[in-house]
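# Breakdown of the fold
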Amino acid sequence: MKSISLGQYYASGSILHKLDPRTKVLLGMLYIVCTFLCKNIIAFGLLFLSGILLIAIAKIPFKIILRSLRPIIFIMLFTVVINVFWTTGDRLLFSWSFINIYAEGLYNALFMAIRIIMLITGTSLFLTYTTTPIQLTDAIERLLAPLKRIKVPVHEFSMMMTIALRFVPTLIDETERIMSAQKARGADFSNGSLVKRAKALIPILVPLFVSAFRRADELATAMECRCYHGGEGRTKMTVTRMQGSDITALFAMIVFGTVIVLINYYAAKYGIGYTM
Amino acid sequence: MSQPFIKVENVSYSYDEEINLIPAVSGVSLEIEEGSYVAFAGRNGSGKSTFAKLLNMILEPSDGKIYISGKEIDVNAMTDAELMETRRNIGMVFQNPDNQLVATIVEDDVAFGPENLGVPSDEIRRRVDDALKTVGMSEYAKSEPQRLSGGQKQRIAIAGIIAMMPKCIIFDESTAMLDPSGRREVVDMMEKLNREYGITIITITHYMDEAVRADRVIVMDGGRVVMDGTPEQVYAEPEKIRAAGLELPQCAELVCRLREKGIKLDGCCITPESCAELICRALEVTSNE
Amino acid sequence: MSEYKIALTGVTYRYSPDTPYETRALDNVSVGFESGKITGVIGHTGSGKSTLIQMLNGLLKPDSGEVTLDGADIWANPKKISSVRFKVGMVMQYPEYQLFEETVRKDIAFGPQNMGMNEDEVKKAVEDAAAVVGLTEEQLEKSPFDLSGGQKRRAAIAGIMAMKPEVLVLDEPAAGLDPEGRESILNAVEKYRNETGATVIIVSHSMEDMARRCDNIVVMSHSKIILNGKCDEVFTNSEKLTDAGLDIPQITRLMMLLRSKGVDVDSKIYTVDRAEQALLKLFAEREATR
């Protein structure tokens, strides 16, 4: 269990790692918009290439990216199948009984696959592989800072996130330990009716909650002893400032989005390639 | 004569007066000098941990007064700034290493205290690097706490306190959950902080062998101070130690029993080495007399 | 091999196999635990001792090798592993964190009920176990969360003892307790062994506790067993103990120091009692020859 590292941060020290986390949050959001802007096969091709380029810039091994895509294979296949069999169009390629496959279906299936892959790869490249969870909560806190004026507890929220991230692995370990302990007392978690199985969770949940409360209590005391008194007057060890590279990156992303929109427009106008 | 760093006057504390008629701490008066290394020993429920929490204002005394650097500490009468200053001066390391680390990265955790104090960023950076160097954990600066051993986690917790530049650190049973090597790491660290950095160390423990590494041992039982002196003085009264529910290390126990059987052993024995010397000397005397 | 109640033969176990995090926790380990004896397992953190004991009641399954209880492979029928867990009671580290019922009595009854005992049997099992660990009738009716630290620990251990296991395994049963608490837990374990004749296996860091309570000692280091034998054989092998990063009991240290100073004492002594006798004899002899 200890091998689970939260957020899958991969320290390769690339340019992407060094960007201000706020920039990366914005880049991630813009990239999502770009994936949805794509309508034309050339745009999709460009999107795909941009993904490869980003992976190269971030210096993340391909293997790791592929592994992260494993959980979504099912969703991808599902959308591909739906698109292949249910899209109708003009160019019928194959027909048998009630199954009709159109060229448009194949195109759409391909597009959706690329879109999903790029959605996952793009966001995880900006937000998890190159940014630690702490940087991320920090960035969100700073991006939302203007909301403090209308009394939104932004600092408290981000502190909660930080602590949650810190304690998830601890509580996973704890759950495992309690489960082993109760198994040793003959508890059975996998057999019986639904009600019986739900009841079997009590010997795990009660100790887990008791321990979580005890931890929370001790942590609160420890934090108080370290002079924690809310967000007021707090400083930060690492203060990142938006630099030239951040502006460049954001600018590049906006150019990329604009190019995609232009491709969509002119390709549709002159009938180049397939457009959704 | 300068005023004592910590002065406790007739302090009592009860957790819940309705249920618990016996106070956890009752009528304790003592003084602790700046730069000293003091151990509080006692069985579970002897009031030693409660006492430590009173010093750090986690709890407020039901009765009596506590002065730190000559100033009375009273949560209600103090301004926030004074309260923070007192807390900064008296750091505390707790028992469970998991429940006092806040951040997911070691150096972020060490920075937590100074960040709360509003220390400028570059100064925090310097303090964090220094603190990690002091506890010998510099190479783990970017690690995740859950990958460290118990002893290492406690050293990170200590670094987090040092970064606040306290005058005094209280260790509230900080070794109880550690294995022998982790315990050694932490106790060595206490000694180092006291000897090399002049930080006042107050350690709370039920391990006698750990307590005797301090300059002064205070044994508590039933909320009261029952023994107070140098390790040698405390060891000289084994019955009292046993009565307080503590255990002598085996060598000291052996020397005691031999004395009870009428064998003359002069001097004090804290380590196996000193014990061996003691016995050898006694044997020579016996055969040469 | 029949004298062994429970034994491991050539057991290997790896965590996270075939990943970059792969670690070998047990490396071809063979060891037997004598019936009716108390065996101590010692080793520094990460030496594999926790993995070893989790093998004994089938919480972990060996990658290769065999775990035998009364000579039979416990994994012969994986579906029957829960019956092994009833025979091999396991007290994990800080067992008080497993308490969950409204009263101590109900909590101790959890195991026996899972075993399918009837109401009278459960009642008797709970009361027997409570007597062994020294919990009073009044304490049985309390909420486990209202007990003191030491009492909680004893209640949790009673929860395992109530299942009447033939083998009782305890991982650091006295960790974090003060001397009195430690004493009462270890007394309870010894009492259980004496009353039921069970085989007991204790994992601990405290050399002194182990020296006083155990018949046999197994020492682990780097996923292997490096020493295995009677207490005096193991505790006096200071070289191997130090190599494994372990302390030697204080008394053994003292005896070695005395011998190095030319005092003729038995270096196989490792308890205060025997050291006291030996030294008293020595002083008497010197007195006589004077």
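Fair warning: this is a prediction, and the values are worked out from it, not measured in the lab.

At the interface, 33 residues of chain C touch 35 residues of chain B. For the pair chain C and chain B, the two sides together bury roughly 3,400 Å², of which 61% comes from carbon and sulfur. Connecting chain C to chain B are seven salt bridges. Measuring nitrogen to oxygen at the nearest pair gives 2.7 Å for the salt bridge that ties Glu276(C) to Lys261(B). Our enumeration of links across chain C and chain B arrives at 12 residue pairs in polar contact (both at pLDDT 80 or more). At the level of elements, helix 7 (179-196), helix 8 (207-213), helix 11 (250-260) and helix 12 (272-289) of chain C are the ones that each hand at least two residues to the side of chain C that touches chain B. With 10 residues, the single largest contributor to the side of chain C that touches chain B is helix 12 of chain C. Broken down by class, the residue content of the side of chain C that touches chain B amounts to 15 nonpolar, four polar and 14 charged.

Let's shift gears to the side chain of Thr87(A). Residues and elements named next belong to chain A. Mapping Thr87 onto the fold places it in the loop between helix 5 (73-86) and strand 1 (92-96). What makes Thr87 buried here is its relative accessible area of 15%. Those residues in contact with Thr87 that lie beyond four places of it in its chain are Ile82, Tyr102, Glu104, Gly105 and Asn108.

Scanning the entire structure with this criterion turns up 16 aromatic pairs over all chains. Consider the rings of Tyr13(B) and Tyr15(B), whose centres lie 5.1 Å apart with planes at 85 degrees: the pair is edge-to-face. Judged by relative accessible area, which is 45%, Tyr15(B) ranks as partly exposed. Taking 5.1 Å as the distance between ring centres and 40 degrees as the angle between the ring planes, the aromatic pair formed by Phe40(B) and Phe51(B) counts as tilted. Here Phe51(B) lies in helix 1 (residues 48-55) and Phe40(B) lies in strand 3 (residues 37-41), a separation of 11 residues in the sequence. Here the two residues Phe40(B) and Phe51(B) agree in accessibility, since each one is buried. Three or more aromatic residues joined by ring pairs make a cluster, and in this case those are Phe44(A), Tyr107(A), Phe111(A) and Tyr274(A). Positioned above the aromatic ring of Tyr97(C), the side-chain terminus of Arg214(A) is 4.2 Å from the ring centre.

With that settled, the discussion passes to the domain arrangement of chain C. Think of interface size as the accessible area that goes away when the parts come together; that is how it is often given. Residue and element names in this part refer to chain C. Assigned domains within chain C: domain 1 (4-247) and domain 2 (249-290). Counting residues at the interface gives nine residues for domain 1, matched by eight residues for domain 2. Of the roughly 760 Å² buried between domain 1 and domain 2, counting both surfaces, carbon and sulfur atoms make up 71%. Looking only at domain 1, the three residues that lose the most surface to domain 2 are Asp232, Phe235 and Thr236, adding up to 47% of its buried area. On the surface where domain 1 and domain 2 come into contact, there are one residue pair in polar contact (both at pLDDT 80 or more). Counting residues per element, the ones that place at least two in the side of domain 1 that touches domain 2 are helix 8 and helix 9 (231-235). By residue class, the composition of the side of domain 1 that touches domain 2 is four nonpolar, two polar and three charged.

Calculation rules
Residues numbered from 1 in each chain as written. Chains lettered and ligands numbered in written order. Predicted model: local features only at pLDDT ≥ 70, side-chain atom pairs only at ≥ 80, totals over all residues. Heavy atoms only, no water. Contact = heavy atoms within 4.5 Å. Buried area = accessible area lost by both parts, 1.4 Å probe. Salt bridge = Lys/Arg side-chain N within 4 Å of Asp/Glu carboxyl O. Polar contact = N/O pair within 3.5 Å; in protein donor to acceptor, adjacent residues only side chain to side chain. Helix = DSSP H or I, 4+ residues; strand = E, 2+ residues; numbered from the N terminus. Nonpolar A, V, L, I, M, F, W, Y, C, P; charged D, E, K, R; others polar. Buried < 20%, exposed > 50% of the residue type's maximum accessible area, 1.4 Å probe, protein only. Phe/Tyr/Trp six-rings, centres within 6.5 Å; stacked < 30°, edge-to-face > 60°. Lys NZ or Arg CZ within 6 Å of the ring centre and 35° of its normal. Domains from an automatic or database assignment.

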